[in-house]
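Below are the chains, spelled out letter by letter.
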Amino acid sequence: RRRAFEALRDESFPVKLGDLQRSDDSLLGYFLEEDYDHFHLVEKTVAALARDSGRRRGQLGLLGSVHIPGIQAIKHPYLSGDTLYIKPGQTFRLTLLMLPAGKVHLTSGILPRKSLALNDAWTNRGLKRVIPSIRVGPVLVDPEEVRLPKVSLLGERQQFTRRTGPLTWRDDPIMSATQSALLPRMPHEFQEGWIRVIEEDES
């Protein structure tokens, strides 16, 4: 047994992080040790089968209803698809870029597959402070009583945020627009801004 472990000491084994075939794997890539000049992809095919994208290019509509851009492989020294080799007892420090709700799988070929996930207590509090916003406008609104169709995915607590000056902003709760014909009491204005979620009062 001791001779077997000593013989393995000089052997290197390929290690794969992430798995594109698993829906619960959310690893996008990783940095190795202190080398932040090279980003290691989960698979080489991610760069090889990349679609053409850029400013005013790419898939600019719904999937299936527009022309899908052709394949344009990404070739840049910042991206690396090389396989990571590790010797028994060797330690590497990794910086993982992943979605917090998913897992990362490690496949070595010599040990059973291992999966790790982030603790919810580490990420939930921060994710709750991430407020989604949708830009709208210009829209014709009553500056004192904003009525707009609400975004169904953002829930009921929504507000209209817009700039009122070079350094000032204004937030107003959005009242759901209805089919009723209403005569405005005040002159309406064309405004543009963002529909945002109102933060819950944690107190």
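Quantities reported herein were computed from a predicted structural model and do not represent experimental measurements.

Notes on the pattern of salt bridges
Then step 1. This structure, assessed with the given rule, holds 7 salt bridges.
Then step 2. Residue Arg-162 pairs with Asp-172 through a salt bridge whose shortest N-O separation is 2.9 Å. With a gap of 10 residues between them, Arg-162 in strand β11 (residues 158-163) and Asp-172 in strand β12 (residues 169-173) connect regions that are remote in the sequence. Taken as a pair, Arg-162 and Asp-172 share a single burial class, namely buried.
Then step 3. It is possible to trace a salt-bridge network through shared partners that takes in Arg-162, Arg-170 and Asp-172.

Overview of the nonpolar core
Then step 1. With 10 residues, the main nonpolar core is built from Val-136, Val-139, Val-141, Val-146, Leu-148, Val-151, Leu-154, Phe-160, Ile-174 and Ile-195.
Then step 2. The greatest single-element share of this core, amounting to 3 residues, is contributed by strand β9 (residues 133-141).
Then step 3. Listed in part, the 8 residues of the second largest apolar core include Tyr-30, Val-42, Leu-84 and Met-98.

Section: the packing of aromatic side chains
Then step 1. Counted according to the given criterion, the structure contains 5 aromatic pairs.
Then step 2. Considering the side-chain rings of Trp-169 and Trp-194, the 5.9 Å spacing of their centres and the 50° angle between planes classify their relative orientation as tilted. Pair noted here: Trp-169 is in strand β12 and Trp-194 is in strand β14 (residues 189-197), with a separation of 25 residues, a long-range link.
Then step 3. With a relative accessible area of 44%, Trp-169 lands in the partly exposed category.
Then step 4. Grouped by ring-pair contacts, the aromatic residues Phe-31, Tyr-36, Phe-39 and Tyr-78 constitute a single cluster.

Describing a nonpolar patch on the surface
Then step 1. Together, Phe-5, Leu-8, Ile-110 and Leu-111 make up a nonpolar patch on the protein surface, roughly 390 Å² of accessible area in all.
Then step 2. In this structure, Leu-8 sits in helix α1 (residues 2-8).
Then step 3. Residue class for Leu-8 comes out partly exposed when judged on its relative accessible area of 32%.

A short note on the environment of Gln-191
Then step 1. Relative to the helices and strands, Gln-191 resides in strand β14.
Then step 2. On the accessibility criterion, Gln-191 (14% relative accessible area) is buried.
Then step 3. Put simply, Gln-191 and Pro-143 are 48 residues apart on the chain and 8.7 Å apart in space, counted from C-alpha to C-alpha.
Then step 4. Here Gln-191 is in contact with Gly-137, Pro-138, Val-139, Val-141, Pro-143, Phe-160 and Arg-162, once residues within four sequence places are set aside.

Points about the sheet that holds β9
Then step 1. Strand order in this open sheet of 4 strands is β9-β14-β11-β12, and the pairing throughout is antiparallel. For this open sheet the edge positions go to β9 and β12, each flanked by a neighbour on one side alone. Strand-to-strand twist in this sheet, taken as the mean axis angle between neighbours without regard to direction, amounts to 35°.
Then step 2. For β11 and β12, the ladder comprises 5 bridges, and the chain directions are antiparallel. Residue pairing for β12: Phe-160 is matched across the bridge by Asp-172.

Procedures and definitions
Residues numbered from 1 in each chain as written. Predicted model: local features only at pLDDT ≥ 70, side-chain atom pairs only at ≥ 80, totals over all residues. Heavy atoms only, no water. Salt bridge = Lys/Arg side-chain N within 4 Å of Asp/Glu carboxyl O. Helix = DSSP H or I, 4+ residues; strand = E, 2+ residues; numbered from the N terminus. Buried < 20%, exposed > 50% of the residue type's maximum accessible area, 1.4 Å probe, protein only. Core = buried A, V, L, I, M, F, W, Y, C linked by side-chain atoms within 4.5 Å. Phe/Tyr/Trp six-rings, centres within 6.5 Å; stacked < 30°, edge-to-face > 60°. Patch = residues over 30% accessible without salt bridge, like charges linked within 9 Å, V, L, I, M, F, W, Y side chains within 5 Å. Areas by Shrake-Rupley, 256 points an atom, 1.4 Å probe, with all protein chains shown as cover. Contact = heavy atoms within 4.5 Å. Pairing = 2+ DSSP bridges. Axes fitted to C-alpha atoms, helices over the stretch in contact; angles between N-to-C directions.

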